Amino acid sequence: MADGPAGPPSTPLPGRPVRGSATGRPIMALFDLLGRRWTLRVIWELAQSPAATFRELQQRCDGVSSSVLAQRLAELDEAAIVRRGDRGYTLTEDGRALCADLMRLETWAERWAARTASSAE
């Protein structure tokens, strides 16, 4: 959601109005945050190999602009999913728990892909 007509979008957090929810239902705030360009890729890269510097993370996210990466890292930091430490960016405990929950979706997606492929034959 925009702060104003010319303002940048604010970080989606529970209790704040977000895309799809004027009340900021927690699941809708999460969907809004994860649905932003490059957010899932940043989380994925940090789950694979934490403590990445900004430049390393930018290289691993092939093609993300520095301004978009900086915005996503700021949003993920405000949401307490990512933290910047002495050695670079890492997932917080909540960020690691989110990744574990997201991996359950991979199992679902694999079953879905198999059903979709078999019904297309």
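Rules used in this analysis
- Residues numbered from 1 in each chain as written.
- Predicted model: local features only at pLDDT ≥ 70, side-chain atom pairs only at ≥ 80, totals over all residues.
- Heavy atoms only, no water.
- Buried < 20%, exposed > 50% of the residue type's maximum accessible area, 1.4 Å probe, protein only.
- Helix = DSSP H or I, 4+ residues; strand = E, 2+ residues; numbered from the N terminus.
- Arc of directions from axis to C-beta.
- Contact = heavy atoms within 4.5 Å.
- Pairing = 2+ DSSP bridges.
- Axes fitted to C-alpha atoms, helices over the stretch in contact; angles between N-to-C directions.
- Parallel < 35°, antiparallel > 145°, perpendicular 65-115°, else oblique.
- Nonpolar A, V, L, I, M, F, W, Y, C, P; charged D, E, K, R; others polar.

Visitor: Outline helix 2 (residues 39-48), listing residues and values.
Guide: Within the sequence span of helix 2, burial applies to Thr39, Val42, Ile43, Glu45 and Leu46. For helix 2, the angular spread of the buried residues around the axis is 165°, confining them to a single face. Looking at the buried residues of helix 2, the elements they touch are helix 1 (26-34), helix 3 (54-60), helix 4 (66-78), strand 1 (82-85), strand 2 (88-91) and helix 5 (93-120).

Visitor: Quick rundown of the pairing of strand 2? Include the residues and the values.
Guide: Where a strand is regular, its side chains alternate between the two sheet faces. Two elements, strand 1 and strand 2, share 4 bridges in a ladder whose sense is antiparallel. By the bridge assignment, arginine 83 is partnered in strand 2 with threonine 90. Taken together, strand 1 and the strand that follows it, strand 2, pair antiparallel across an intervening segment of 2 residues.

Visitor: Tell me about the packing of helix 2 against helix 5, and name the residues and values.
Guide: Each packed pair of helices is defined by two parameters, the angle between the axes and the distance between the axes. In contact at an axis separation of 11 Å, helix 2 and helix 5 are set at 105° when each is read in the N-to-C sense. The angle between the axes of helix 2 and helix 5 places the two elements in the roughly perpendicular class. When helix 2 is examined against helix 5, the residues Leu40, Ile43, Trp44 and Ala47 are found in contact with a partner set consisting of Leu98, Cys99, Leu102 and Met103. Considered class by class, the residues forming the contact of helix 2 with helix 5 number 8 nonpolar, no polar and no charged.

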